[in-house]
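The residues making up each chain are set out below.
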Amino acid sequence: MALKLWASSAANALRISCSGARTPFPAFSISRCFSSVIDGLKYTSSHEWVKHEGSVATIGITDHAQGHLGEVVFVELPESGVAVAKGGSFGAVESVKATSDVNSPVSGEVIEVNPKLTETPGLINSSPYEDGWMIKVKPSDPSELNSLMGSKEYTKLCEEEDAH
């Protein structure tokens, strides 16, 4: 992990971009060489992201999380209409390395599930912030988003985790 941190720091100092991830958002992207963090999204300490637009919150796992999981081979997601609670598990991601629960960053009702992930779970690896989104939720308390991290705080969290 220390080698990752050193490589990321060296790449940043030399202004080398190692990120191959596509970022569809017009917002600023912070590349850490090993994963991308998108400005304008909110993040959890358990590595989920949320994009809040109007009355809809789109949720997925971060590039950092998918990088640590490895190749995703199966995704378990809830049905539309199911209630989710902030911090509660709503599904699971199975990779060649492990199976991990996915937690909701906000409470509310699931209004859409990404149908592409059933046939192509690897979209979480190739496009975690675009094609690899997992669920869309109608938040019951949008103020819950205020307690989530921004891109700078999340980047710092990832760097600290990778240093250990």
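Owing to the predicted nature of the structure, the values given are computational and were not obtained by experimental measurement.

A. Quick peek at the packing of aromatic side chains. Under the definition given, this model contains two aromatic pairs. Ring geometry for tyrosine 43 against tyrosine 154: centres 4.5 Å apart, planes inclined by 10°, an arrangement best described as stacked. Of this pair, tyrosine 43 sits in strand β3 (residues 42-43) while tyrosine 154 sits in helix α5 (residues 151-163), and the two are 111 residues apart along the sequence. Residue tyrosine 43 shares its accessibility class with tyrosine 154, and that shared class is buried. Relative to tyrosine 129, the ring of tryptophan 49 has its centre 5.8 Å away and its plane inclined at 55°; by these criteria the two rings are tilted. One end of the pair, tryptophan 49, is in strand β4 (residues 48-53); the other, tyrosine 129, is in the loop between α4 (123-126) and β11 (135-139), with 80 residues separating them in the sequence. One exposure class covers both tryptophan 49 and tyrosine 129, and it is buried. The ring of tryptophan 133 is capped by lysine 136, whose NZ or CZ atom sits 4.9 Å from the centre of that ring.

B. Local environment of the side chain of histidine 47. Turning to its location among the elements, histidine 47 is positioned in the loop between β3 and β4. Residue classification places histidine 47 among the buried positions, given a relative accessible area of 11%. Residues within four places of histidine 47 in sequence aside, it is in contact with Gly60, Ile61, Thr62, His64, Ala65, Tyr154, Leu157, Cys158 and Glu161.

C. Spotlight on the UniProt feature "modified residue: N6-lipoyllysine" (unreviewed entry) in the protein. When the UniProt feature table is mapped onto this chain numbering, "modified residue: N6-lipoyllysine" (unreviewed entry) sits at Lys97. Among the structural elements, lysine 97 can be located in the loop between β8 (89-95) and β9 (99-103). Lysine 97 has contacts with His68, Leu69 and Gly70, leaving out every residue within four places of it along the chain. Looking at lysine 97, its side chain comes within polar contact range of the main-chain oxygen of histidine 68, at 3.4 Å.

D. Focus on the sheet that holds β8. Here we have three strands laid out as an open sheet, ordered β6-β8-β9, and antiparallel in their pairing. Strands with a single pairing partner mark the edges of an open sheet, and in this sheet they are β6 (72-76) and β9. Here the strands of the sheet are splayed against their neighbours by 25° on average, with no regard to which way each runs.

E. Seen up close, the nonpolar core. Residues Ile61, Val93, Ile124 and Met134 are the most contacted members of the largest nonpolar core, which totals 23 residues. Counting only elements with at least two residues in this core, the list comes to β5 (56-61), α2 (63-69), β6, β8, β10 (108-113), α4 and β11. Looking at this core element by element, the count peaks at three residues for β5. Setting aside chain neighbours within four positions, we find isoleucine 124 in contact with Ile61, Gln66, Val72, Val75, Val93, Leu117, Gly132 and Met134.

F. How the structure looks around the environment of serine 89. By secondary structure assignment, the location of serine 89 is in strand β8. Considering only alpha carbons, one finds serine 89 and proline 105, 16 residues apart in sequence, at a separation of 9.7 Å. Excluding anything up to four places from it in sequence, serine 89 contacts Asp101, Val102 and Asn103. Polar side-chain contacts of serine 89 include one of 3.4 Å to the backbone oxygen of glycine 91.

What counts, and where the lines are drawn
- Residues numbered from 1 in each chain as written.
- Predicted model: local features only at pLDDT ≥ 70, side-chain atom pairs only at ≥ 80, totals over all residues.
- Heavy atoms only, no water.
- Phe/Tyr/Trp six-rings, centres within 6.5 Å; stacked < 30°, edge-to-face > 60°.
- Helix = DSSP H or I, 4+ residues; strand = E, 2+ residues; numbered from the N terminus.
- Buried < 20%, exposed > 50% of the residue type's maximum accessible area, 1.4 Å probe, protein only.
- Lys NZ or Arg CZ within 6 Å of the ring centre and 35° of its normal.
- Contact = heavy atoms within 4.5 Å.
- UniProt positions renumbered as here; feature names shortened; annotations may be inferred.
- Polar contact = N/O pair within 3.5 Å; in protein donor to acceptor, adjacent residues only side chain to side chain.
- Pairing = 2+ DSSP bridges.
- Axes fitted to C-alpha atoms, helices over the stretch in contact; angles between N-to-C directions.
- Core = buried A, V, L, I, M, F, W, Y, C linked by side-chain atoms within 4.5 Å.

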